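Listed here are the chains, written in short residue letters.
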Amino acid sequence: MKKSLLFILFFLGSVPLVSFAQNLQPKLQYAIGGGATIDGNNLLWGLHMSNELNYRLGKRTSLNAGLSFYQSLGNLENRAVNVFAESIDQSSGIFITPSLRYEIIQRDSGFKLSFGAGPSLQLGGEAFRTRNIINTADPIPMTFVNKYQRIGLLLELEAEWKTKNPNVRNALAISAYGADSYFPWFINATYKVRFNVGRK
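### Considerations on the overall build of the protein
Thinking step 1. Of the regular secondary structure elements, the protein holds one helix and eight strands.
Thinking step 2. Counting from the amino terminus, the protein carries its helices and strands in the arrangement α-β-β-β-β-β-β-β-β.
Thinking step 3. With 200 residues in all, the protein has 34% of them scored as buried.
Thinking step 4. Residue pairs in contact within the protein that sit at least 24 positions apart in sequence constitute 59% of those at least 6 positions apart.
Thinking step 5. Counting every atom, the protein has about 12600 Å² of accessible surface; 66% of that belongs to carbon and sulfur.

In structure tokens form, the structure reads like this:
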């Protein structure tokens, strides 16, 4: 009788633990990525690298802390002022972005489509050269340099899928950053590799 009672108590105590363990998802994930960026305001293209820490709040929501770096590499069009003055147009920035993400689609195959949004602090600047707008007859171009410490808005749409390793996932994201009443200022296409961190 005592053995039967102990078995029943053990069984009843184990069922919720097993069920709870099966429903658990990784609470913490880290992602590293990189890709291409378009500076729509200055018509520049470049590359960026990103780091992201993701903390799951619920079944579909998560809180993210992102740190990324961007550097322009060239112009989208010929911006030389004249044959004697090469284009010096460039832009760069470090972006610190806390955001809230919501998973719009969740499939049994492991595919997820999510949307994220949050404020983003840009520490960087830009430089560009243009014809003399004060004296149009002057062949010497004017050079402008702007430094930024500004907060803008970042929106992101991300598709994520499984890999053969259950602790590693791949993702592709399209994001847009806007500031100073201009949106989108930057458009990013990013490939990410995401790792589970710690226990489920």
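### What to know about the side chain of Asn42
Thinking step 1. With respect to the helices and strands, the residue Asn42 is situated in the loop between β1 (28-39) and β2 (44-56).
Thinking step 2. Classification of Asn42 as buried rests on a relative accessible area of 8%.
Thinking step 3. In this structure the side chain of Asn42 is engaged in a polar contact, spanning 3.0 Å, whose partner is the side chain of Asp39.

### Quick look at unusual backbone geometry
Glycine aside, residues mostly have negative phi angles, and peptide bonds mostly take the trans form.
Thinking step 1. For the bond running from Phe183 to Pro184, omega is 0°, close enough to zero to count as cis.
Thinking step 2. Among the structural elements, Pro184 can be located in strand β8 (residues 182-197).
Thinking step 3. Positive phi, normally seen in glycine, also occurs at Asp180, with a value near 55°.
Thinking step 4. Within the secondary structure layout, Asp180 lies in the loop between β7 (168-179) and β8.
Thinking step 5. Positive phi is not limited to glycine here, since Ser181 has a value of about 65°.
Thinking step 6. Within the element layout of this structure, Ser181 appears in the loop between β7 and β8.

### A look at the pattern of salt bridges
Thinking step 1. Using the criterion set out here, one finds 13 salt bridges in the structure.
Thinking step 2. With a shortest N-O distance of 3.7 Å, Lys112 and Glu103 are connected by a salt bridge.
Thinking step 3. Taking relative accessible area as the criterion, Lys112 reaches 18% and is therefore assigned buried.
Thinking step 4. Three or more residues joined by partner-sharing salt bridges are found here, namely Glu52, Arg101, Glu156, Glu158, Glu160, Arg169, Lys192 and Arg194.

### Overview of the environment of Glu156
Thinking step 1. The residue Glu156 is located in strand β6 (residues 142-162) in this model.
Thinking step 2. The exposure class of Glu156 is buried, given its relative accessible area of 12%.
Thinking step 3. Beyond its immediate stretch of four places on either side in the chain, Glu156 contacts Glu52, Arg101, Ser114, Phe115, Gly116, Ala173, Ile174, Ser175 and Lys192.
Thinking step 4. Side chain to side chain, Glu156 and Arg101 meet in a polar contact 2.9 Å long.

### Quick notes on the pairing of strand β4 (residues 90-106)
Thinking step 1. Pairing geometry for strand β3 (residues 61-75) and β4, over 11 bridges, is antiparallel. Looking at β4, one finds that Leu63 is bridged to Leu100.
Thinking step 2. Inspection of the sheet shows β4 paired to strand β5 (residues 112-130) by 13 bridges, in the antiparallel sense. Bridge pairing links Tyr102 to Phe115 in β5.
Thinking step 3. The loop that links β4 with its antiparallel partner β5 comprises five residues; one of these, Gly110, has a positive phi angle of about 105°.

### Points about the pairing of β8
Thinking step 1. Where β1 meets β8, 12 bridges bridge the pair, whose relative direction is antiparallel. In the strand pairing of β8, Ile32 is matched with Val193.
Thinking step 2. As paired strands, β7 and β8 are joined by 11 bridges and run antiparallel to one another. Following the sheet pairing, Arg169 is matched in β8 by Arg194.

### Section: the packing of aromatic side chains
Thinking step 1. One pass over the structure, following the stated rule, counts eight aromatic pairs.
Thinking step 2. Between Phe95 and Phe186, the ring centres sit 5.6 Å apart and the planes meet at 80°, which makes this aromatic pair edge-to-face. Here Phe186 lies in strand β8 and Phe95 lies in strand β4, a separation of 91 residues in the sequence.
Thinking step 3. Of the residues examined, Phe186 reaches a relative accessible area of 3% and is grouped as buried.
Thinking step 4. A ring pair is formed by Tyr148 and Trp185, whose centres lie 5.9 Å apart and whose planes are at 80°; its orientation type is edge-to-face. A residue pair is termed long-range when its members are at least 10 positions apart, and Tyr148 in strand β6 and Trp185 in strand β8 qualify at 37 residues.
Thinking step 5. Owing to a relative accessible area of 6%, Trp185 belongs among the buried residues under this scheme.
Thinking step 6. Cation over ring: Arg150 sits above Tyr148, and NZ or CZ is 3.8 Å from the ring centre.
Thinking step 7. Over the face of the ring belonging to Trp185 we find Arg150, whose NZ or CZ atom lies 4.1 Å from the ring centre.

Thresholds, definitions, all that
Residues numbered from 1 in each chain as written. Predicted model: local features only at pLDDT ≥ 70, side-chain atom pairs only at ≥ 80, totals over all residues. Heavy atoms only, no water. Helix = DSSP H or I, 4+ residues; strand = E, 2+ residues; numbered from the N terminus. Buried < 20%, exposed > 50% of the residue type's maximum accessible area, 1.4 Å probe, protein only. Contact = heavy atoms within 4.5 Å. Areas by Shrake-Rupley, 256 points an atom, 1.4 Å probe, with all protein chains shown as cover. Polar contact = N/O pair within 3.5 Å; in protein donor to acceptor, adjacent residues only side chain to side chain. Salt bridge = Lys/Arg side-chain N within 4 Å of Asp/Glu carboxyl O. Pairing = 2+ DSSP bridges. Phe/Tyr/Trp six-rings, centres within 6.5 Å; stacked < 30°, edge-to-face > 60°. Lys NZ or Arg CZ within 6 Å of the ring centre and 35° of its normal.

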